[in-house]
Amino acid sequence: MAEYDIAKMEKKLSKYLDEDRYQHTKGVMYTCACLAMVHGYDIQDAQVAGLLHDCAKCIPNKKKLKMCSEHKIPVTEFEKEHPFLLHAKLGSYIAREKYGIRDENILSSITYHTTGKCGMNLLEKIVYIADYIEPMRYKASNLPKIRKIAFQDLDECMFEILKDTLAYLEDDAGDIDLTTKDAFLYYKDLHMKRMQH
Ligand code: FE
Ligand code: FE
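Since we're looking at a predicted model, the values are computed, not measured.

Colleague: Sorry if this is basic, but what is going on with helix α2 (residues 19-39) here?
Modeller: Side chains three or four residues apart in an α-helix point the same way, a direct result of the helix having 3.6 residues per turn. With 21 residues, α2 extends 30 Å between its outermost C-alpha atoms, agreeing within 8% with the 30 Å of an ideal straight helix rising 1.5 Å per residue. When we look at burial in α2, the residues that qualify are Tyr22, His24, Thr25, Gly27, Val28, Met29, Thr31, Cys32, Ala33, Leu35 and Ala36. Tucked inside the fold, the buried residues of α2 contact α1 (6-14), α3 (43-52), α8 (122-133) and α9 (143-150). Between the side-chain oxygen of the N-cap and the backbone nitrogen of Asp20 there are 3.3 Å, and the N-cap of α2 in question is Asp18. Phi turns positive, to about 75°, at Gly40, one or two residues after α2.

Encoded structure:
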């Protein structure tokens with residue numbers, strides 16, 4: 001269990017984020033802490049993951065692509081077309097290099113906070129869900145229901161969020177990251193199995 005100087009990280013991070021993103025970040029950090037309390041995860045680790053999840057968000061897209069090639073971070077065709085997605089991978093890289101994070105669970109929870117994936121571990125689910133439900137969020141449909149489920153059943157909550165996210169993306173953009181589709185099918189399968197019992 002590593003000891004982190006969260007106040008120091010906050011100060012540093014605030015220089016790299018705009019005010020809205022910083023407020024969102026704090027919301028995610030405290031929501032991660034709450035979910036860690038309920039579902040049994042190290043609170044500080046969860047807070048650090050929430051704090052750093054969007055640390056690369058305010059880097060301009062061009063620079064994101066440039067940094068990925070400089071640091072040999074692989075970029076898919078889909079990410080080239082949707083470079084905002086890169087803030088997840090790049091965020092994990094920055095968390096390691098600039099904030100000294102070595103905990104693989106924290107780093108992977110940052111990597112997968114945007115797309116989700118199949119078979120996520122506890123911290124990955126906590127960060128993904130906290131990002132969706134933190135108090136400043138208001139646009140998504142079903143938020144009251146999803147917020148409640150988040151404190152009861154993380155897998156069911158993943159299913160609900162991914163379902164709504166795919167429905168939203170299908171309406172709006174028409175192109176969806178395969179990782180997100182896979183994640184949805186995985187959590188839908190778990191949902192269906194639960195329904196049979
Ligand atoms: Fe993000
Ligand atoms: Fe976020």
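Colleague: Could you clarify how one ought to interpret the pattern of salt bridges in this entry?
Modeller: Between side chains of opposite charge, a pair can form as their charged atoms come close. With the rule as written, the count across this model stands at 14 salt bridges. Ionic pairing is found between Asp54 and Arg21, a salt bridge with its closest N-O pair at 2.9 Å. Placement of Asp54 in the loop between α3 and α4 (61-70) and of Arg21 in helix α2 is noted, with a sequence separation of 33 residues between them. Residue Asp54 is classed as buried on the basis of its relative accessible area of 2%. Across the salt bridge formed by Asp155 and Lys125, the nearest N and O atoms sit 2.7 Å from each other. With a gap of 30 residues between them, Asp155 in helix α10 (residues 154-172) and Lys125 in helix α8 connect regions that are remote in the sequence. Just as Asp155 is buried, Lys125 falls in that class too.

Colleague: Would you explain the coordination of the iron ion (ligand 2) in this entry?
Modeller: Between any two of four tetrahedral donors, the ideal angle at the metal is 109.5 degrees; between two of six octahedral donors, it is 90 or 180 degrees. Looking at the metal site, the iron ion (ligand 2) is ligated by His24 (NE2), His53 (NE2), Asp54 (OD) and Asp131 (OD), spaced 2.2 to 2.3 Å from it. Relative to the metal, the 4 donor atoms surrounding the iron ion (ligand 2) lie at angles of 80 to 171°, and the coordination shape comes out irregular. The motif formed by the donor residues of the iron ion (ligand 2), counted along the single chain, is H-x28-H-D-x76-D. Between the two metal centres, the iron ion (ligand 2) and the iron ion (ligand 1), the spacing is 3.4 Å, with Asp54 acting as a shared donor. By relative accessible area, His53 is classed as buried at 0%.

Colleague: Would you mind showing me how to read the packing of aromatic side chains here?
Modeller: To describe a pair of aromatic rings, you give the distance between the ring centres and the angle between the ring planes. Across all of its chains, the model carries 2 aromatic pairs by this definition. Ring plane angle 15° and centroid distance 6.0 Å describe the contact between Phe159 and Phe184, whose orientation is recorded as stacked. Placement of the pair is Phe159 in helix α10 and Phe184 in helix α11 (residues 178-196), with a sequence separation of 25 residues. Judged by relative accessible area, which is 7%, Phe159 ranks as buried. Exposure remark for Phe184: the relative accessible area of 16% places this residue in the buried category. Both rings, one in Tyr186 and one in Tyr187, keep their centres 4.8 Å apart while their planes meet at 75°; by these two values the pair is edge-to-face. Overall, Tyr186 belongs to the partly exposed group, its relative accessible area being 34%. Directly above the aromatic system of Tyr99 lies the positively charged group of Lys12, at a separation of 4.6 Å from the ring centroid.

Cut-offs applied
- Residues numbered from 1 in each chain as written.
- Chains lettered and ligands numbered in written order.
- Predicted model: local features only at pLDDT ≥ 70, side-chain atom pairs only at ≥ 80, totals over all residues.
- Heavy atoms only, no water.
- Helix = DSSP H or I, 4+ residues; strand = E, 2+ residues; numbered from the N terminus.
- Expected span 1.5 Å × (residues − 1).
- Buried < 20%, exposed > 50% of the residue type's maximum accessible area, 1.4 Å probe, protein only.
- Contact = heavy atoms within 4.5 Å.
- Polar contact = N/O pair within 3.5 Å; in protein donor to acceptor, adjacent residues only side chain to side chain.
- Salt bridge = Lys/Arg side-chain N within 4 Å of Asp/Glu carboxyl O.
- Donors = N, O, S within 2.8 Å, 3.2 Å for Na, K, Ca; no water.
- Tetrahedral: all angles 85-135°; square planar, octahedral: opposite > 155°, others 65-115°.
- Phe/Tyr/Trp six-rings, centres within 6.5 Å; stacked < 30°, edge-to-face > 60°.
- Lys NZ or Arg CZ within 6 Å of the ring centre and 35° of its normal.

Note that every value here comes from positions in space, so none of it alone points to a role or purpose.
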